[in-house]
Amino acid sequence: MASVNKVILVGNLGRDPETRYTTGGDAVTNIRVATTDTWKDKNGEKQEKTEWHTVVFFGRQAEIAGEYLKKGNKVYIEGRLQTRSWDDKQTNQKKYMTEVVAGTMVLLGGRGEGGGGGEGGGGTRGSANHFDQSTPEAEPAAATSPITDEDIPF
């Protein structure tokens, strides 16, 4: 039986993208995307829970994300989960981080719309910018340079 590793996120950027380059010159961009679930509890009061997701882009898509995405933008991301590990030099413990490796990115909302707040159905198709990287090349960051303390977000 085949397996599936697919993530779909629609949320807002919590901060501006961070783009860096590997020693081989390939772009790597990280973003943080917030998704919020709302519901009413048994007393009828509105409850909210926000989850934060780390998303990483590689290559040309990383350059596009770094150039066009801004804090507050509403974005649609398709990708896959990836967990990486490293040894913490200060505590000598193994640390883990799970992130979404983006394959497809759609910037929802038109130009100049920060969070796209007035959109009823999650964005209008006519104003969405679609960037697809459905057949990504090998991940250059893992192959060309080791992860350093600057790469770790916490």
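As a reminder, the structure under discussion sits directly above these lines.
Just so it is clear, the model here is predicted, and its values are computed rather than measured.

How each quantity is defined
- Residues numbered from 1 in each chain as written.
- Predicted model: local features only at pLDDT ≥ 70, side-chain atom pairs only at ≥ 80, totals over all residues.
- Heavy atoms only, no water.
- Helix = DSSP H or I, 4+ residues; strand = E, 2+ residues; numbered from the N terminus.
- Buried < 20%, exposed > 50% of the residue type's maximum accessible area, 1.4 Å probe, protein only.
- Contact = heavy atoms within 4.5 Å.
- Areas by Shrake-Rupley, 256 points an atom, 1.4 Å probe, with all protein chains shown as cover.
- Pairing = 2+ DSSP bridges.
- Core = buried A, V, L, I, M, F, W, Y, C linked by side-chain atoms within 4.5 Å.
- Salt bridge = Lys/Arg side-chain N within 4 Å of Asp/Glu carboxyl O.

(A) Structural view of the overall build of the protein. Counting secondary structure elements, the protein contains 2 helices and 7 strands. Taken from the N to the C terminus, the helices and strands of the protein come in the order β-β-β-β-α-β-β-β-α. Counting every position in the protein, which comprises 154 residues, the buried fraction comes to 35%. A fraction of 60% describes how many contacts in the protein between residues 6 or more apart in sequence connect residues 24 or more apart. As displayed, the protein offers around 9900 Å² of accessible surface, 47% of which is attributable to carbon and sulfur atoms.

(B) Representation of the pairing of strand β1 (residues 7-13) in the model. As paired strands, β1 and strand β5 (residues 74-87) are joined by 6 bridges and run antiparallel to one another. Paired with Val-7 across the strands is Gly-79, a residue of β5. Pairing geometry for β1 and strand β3 (residues 27-40), over 2 bridges, is antiparallel. Bridge pairing in β3 places Leu-13 opposite Val-33.

(C) The environment of Asp-26, seen in detail. Within the secondary structure, Asp-26 is located in the loop between β2 (18-21) and β3. On the accessibility criterion, Asp-26 (32% relative accessible area) is partly exposed.

(D) Expanded view of the pairing of β5. The pairing of β5 with strand β6 (residues 94-108) spans 14 bridges and is classified as antiparallel. Among the inter-strand pairings, Leu-81 is bridged to a residue of β6, identified as Val-100. Connecting the antiparallel pair β5 and β6 is a turn made up of 6 residues, with Asn-92 showing a positive phi of about 55°.

(E) Spotlight on the nonpolar core. Among the nonpolar cores identified, the biggest contains 18 residues, and Ile-31, Val-55, Phe-57, Leu-69, Val-75, Ile-77 and Met-105 are the most heavily contacted of them. It is β6 that contributes the most residues to this core, 4 residues altogether.

(F) Structural context of the pattern of salt bridges. The tally for this structure, following the rule as stated, stands at 8 salt bridges. Of the charged contacts in the structure, one is a salt bridge between Arg-84 and Glu-99, with a shortest N-O distance of 2.9 Å. Remark: Glu-99 occurs in strand β6 and Arg-84 occurs in strand β5; sequence separation between them is 15 residues. You'll find Arg-84 and Glu-99 in the same group, each marked buried. For the salt bridge of Asp-87 with Lys-94, the shortest nitrogen-to-oxygen distance reads 3.6 Å. Here Asp-87 falls in the exposed class, since its relative accessible area comes to 55%.

(G) Highlighting the environment of Ala-27. Note that Ala-27 resides in strand β3. Residues Ala-27 and Ile-64, spaced 37 residues apart in sequence, show a C-alpha to C-alpha distance of 9.8 Å. In this view, Ala-27 contacts Thr-19, Arg-20, Tyr-21, Phe-57, Phe-58, Gly-59, Ala-62 and Glu-63; residues no more than four positions away in its chain are not counted.

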